[in-house]
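What follows is each chain in one-letter form.
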Amino acid sequence: MHTIFGADARAQAIAEAYRVLRPGGRLLIADLARTPRQYAAVLSRLNAQDITVRNLGWRAWWGSPWVPTRLFTARKPANP
């Protein structure tokens, strides 16, 4: 996702990834450049559930602690 330039293009990609999830499916995005709040805003509008963000820790650093990788997850409701 961090290589998709422009907030609108990223929002469209996230919405499409969410759209193709089966009911009850989980979306996971590991990203190191963008804030998860951008992803959460898009998925909240799509009624995603269980939206969480966590740091993947030192094993997922891209060269240093100043570029942490975060894991963003969201779930599509089983009965939309």
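Not measured: the values here are computed from a predicted model.

A short note on the pairing of strand β3 (residues 70-75)
On any regular strand, side chains alternate: one points to one face of the sheet, the next to the other face.
Part 1 of the reasoning: Of the strand pairs in this sheet, strand β1 (residues 26-31) and β3 are connected by six bridges, and their pairing is antiparallel. The residue of β3 that forms the bridge with Leu28 is Thr73.
Part 2 of the reasoning: In this sheet, β3 lies alongside strand β2 (residues 49-55) in antiparallel orientation, the contact comprising five bridges. If you follow Asn55 over to β3, its bridge partner there is Arg70.

A short note on the sheet that holds β2
Part 1 of the reasoning: With antiparallel pairing, three strands are arranged side by side in an open sheet as β1-β3-β2. The sheet terminates laterally at β1 and β2, the two strands that pair on one side only. Taken over all neighbouring pairs, the strand axes of this sheet differ in orientation by 10° on average, direction set aside.
Part 2 of the reasoning: In the packing of helix α2 (residues 36-45) onto the sheet, the strands contacted are β1, β2 and β3, and the crossing angle to β3 comes to about 5°.

So, the packing of aromatic side chains
Part 1 of the reasoning: For the coordinates displayed, the defined rule picks out one aromatic pair.
Part 2 of the reasoning: Here Tyr39 and Phe72 contribute two aromatic rings whose centre-to-centre distance is 5.6 Å and whose plane-to-plane angle is 70°, an arrangement assigned as edge-to-face. One end of the pair, Tyr39, is in helix α2; the other, Phe72, is in strand β3, with 33 residues separating them in the sequence. A single burial state applies to Tyr39 and to Phe72, both of which are buried.
Part 3 of the reasoning: For the cation-ring pair, Lys76 lies above Tyr18, with the distance from its terminal atom to the ring centre recorded as 5.4 Å.

Overview of the nonpolar core
Part 1 of the reasoning: One finds Ile14, Tyr18, Leu21, Leu27, Ile29, Tyr39, Ala40, Val42, Leu43, Ala48, Phe72 and Ala74 forming the largest nonpolar core, which totals 12 residues.
Part 2 of the reasoning: Listed by contribution, the elements that provide at least two residues to this core are α1 (7-19), β1, α2 and β3.
Part 3 of the reasoning: In terms of residue count, the dominant contributor to this core is α2 (four residues).
Part 4 of the reasoning: The residues contacting Ile29, other than those within four sequence positions of it, are Met1, Ile14, Tyr39, Arg70, Leu71 and Phe72.

Let's talk about the environment of Arg59
Part 1 of the reasoning: On the secondary structure map, Arg59 appears in the loop between β2 and β3.
Part 2 of the reasoning: Owing to a relative accessible area of 71%, Arg59 belongs among the exposed residues under this scheme.
Part 3 of the reasoning: Separated by 10 residues in sequence, Arg59 and Thr69 have C-alpha atoms that sit 9.1 Å apart.

Definitions and cut-offs
Residues numbered from 1 in each chain as written. Predicted model: local features only at pLDDT ≥ 70, side-chain atom pairs only at ≥ 80, totals over all residues. Heavy atoms only, no water. Pairing = 2+ DSSP bridges. Helix = DSSP H or I, 4+ residues; strand = E, 2+ residues; numbered from the N terminus. Axes fitted to C-alpha atoms, helices over the stretch in contact; angles between N-to-C directions. Contact = heavy atoms within 4.5 Å. Phe/Tyr/Trp six-rings, centres within 6.5 Å; stacked < 30°, edge-to-face > 60°. Buried < 20%, exposed > 50% of the residue type's maximum accessible area, 1.4 Å probe, protein only. Lys NZ or Arg CZ within 6 Å of the ring centre and 35° of its normal. Core = buried A, V, L, I, M, F, W, Y, C linked by side-chain atoms within 4.5 Å.

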